[in-house]
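Structure at a glance
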Amino acid sequence: AIRCTVSNEVWVAKTADLDKRKTGLWFQLNMGSFPGRSLQAAWSSHGEAAFVYIELEEVRDDNELLIPALLKEREAHWRQQLGAATLT
């Protein structure tokens, strides 16, 4: 999840690589080229210092074929739980 500490808005997405995802997001947001309008607007308004990147949950399963479905399910759960927007 990404949380804006100023507005308290939250965006949630699933990823297989947290570090890579954060690096890519921060790059796009700093360049002003992130496709998600609400997150980009908040970033542009409040600046990088107002945002935190949060690992909500680690999903594991012995059957790796189930991981994509589990990630999708948990993403929906956390969006609902936190009242979050989808991170494009």
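Attention here is on the structure that accompanies the text. Bear in mind that the values here come from a model prediction, so they are computed numbers and not experimental data. (Residues numbered from 1 in each chain as written. Predicted model: local features only at pLDDT ≥ 70, side-chain atom pairs only at ≥ 80, totals over all residues. Heavy atoms only, no water.)

This part is about the pattern of salt bridges. Evaluation of the coordinates by the stated rule reveals four salt bridges. A salt bridge links Glu57 to Arg74, with the shortest nitrogen-to-oxygen separation between them at 2.9 Å. In this pair, Glu57 is assigned in the loop between strand S3 (51-53) and helix H3 (67-82) and Arg74 in helix H3, connecting sequence segments 17 residues apart. Residue classification places Glu57 among the partly exposed positions, given a relative accessible area of 34%. The partly exposed category is assigned to Arg74, whose relative accessible area is 23%. Two residues, Arg60 and Glu58, come together in a salt bridge whose shortest N-O distance is 2.3 Å. (Salt bridge = Lys/Arg side-chain N within 4 Å of Asp/Glu carboxyl O. Helix = DSSP H or I, 4+ residues; strand = E, 2+ residues; numbered from the N terminus. Buried < 20%, exposed > 50% of the residue type's maximum accessible area, 1.4 Å probe, protein only.)

As a further point, take the sheet that holds strand S2 (residues 10-12). Taken in spatial order, the four strands line up as S3-S1-S2-S4 in an open sheet, and their pairing is mixed. With one partner strand each, in any of the chains shown, S3 and strand S4 (85-86) form the two edges of the open sheet. Summarising the sheet, strand S1 (residues 2-4) and S2 pair through two bridges and their orientation is antiparallel. The residue bridging Ile2 from the neighbouring strand is Trp11, located in S2. In this fold helix H2 (residues 37-46) packs onto S1, S2 and S3, with an angle of close to 130 degrees to the strand it touches most, S3. (Pairing = 2+ DSSP bridges. Contact = heavy atoms within 4.5 Å. Axes fitted to C-alpha atoms, helices over the stretch in contact; angles between N-to-C directions.)

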